[in-house]
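So the chains spell out like this:
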Amino acid sequence: MTATSPNATTISVQQTLDLLDNDFSRMAQAFANGEFALWVGSGISRKAPGLKQLIARALEHLRAKVADPTTRPK
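Residues numbered from 1 in each chain as written. Predicted model: local features only at pLDDT ≥ 70, side-chain atom pairs only at ≥ 80, totals over all residues. Heavy atoms only, no water.

(A) Broad picture of the overall build of the protein chain. Each helix and strand counted, the protein chain has three helices and zero strands in total. Starting at the N terminus, the α and β elements of the protein chain follow one another as α-α-α. The burial tally for the protein chain puts 3% of its 74 residues in the buried class. Accessible area of the protein chain: about 6,800 Å², with a carbon and sulfur share of 59%. (Helix = DSSP H or I, 4+ residues; strand = E, 2+ residues; numbered from the N terminus. Buried < 20%, exposed > 50% of the residue type's maximum accessible area, 1.4 Å probe, protein only. Areas by Shrake-Rupley, 256 points an atom, 1.4 Å probe, with all protein chains shown as cover.)

This is how it looks when you write it as structure tokens:
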């Protein structure tokens, strides 16, 4: 990503997918092949949500941010 690229709070789902298809395609393929695993830090906070809750939050965030293709400018 360049200095003018969006950060983690502003990047769109499409921009993220584009990065995974291009700049990070080798990492994405390795992840798909099971060469990497997700790890949610241990001991960061005793009040941290569990993995199930984190995944649900992440999916809800993506659902809320996804652009409706019928309203997206061409």
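That was the structure; now back to the text.
(B) Spotlight on the pattern of salt bridges. Within this structure, the stated rule accounts for one salt bridge. Among the ionic pairs, Arg63 bridges to Glu60, the shortest N-O distance being 2.6 Å. Of this pair, Arg63 and Glu60 are both found in helix α3 (residues 51–65), three residues apart, which corresponds to roughly one turn of the helix. For Glu60, a relative accessible area of 40% gives the class partly exposed. (Salt bridge = Lys/Arg side-chain N within 4 Å of Asp/Glu carboxyl O.)

(C) Quick look at the layout of surface pockets. Roughly 620 Å³ of internal volume is contained in the largest pocket. Counting residues per element, the ones that place at least two in the lining of the largest pocket are α1 (13–21), α2 (25–32) and α3. In terms of residue count, α3 provides more of the lining of the largest pocket than any other element does, six residues in total. Taken together, the residues that form the lining of the largest pocket break down as 15 nonpolar, five polar and one charged. (1 Å grid on protein atoms, 1.4 Å probe; cavity = no way out; pocket = protein on both sides within 12 Å on 5 of 7 lines; lining within 4 Å. Points joined across faces, edges and corners; volume = space filled by probe spheres on them. Nonpolar A, V, L, I, M, F, W, Y, C, P; charged D, E, K, R; others polar.)

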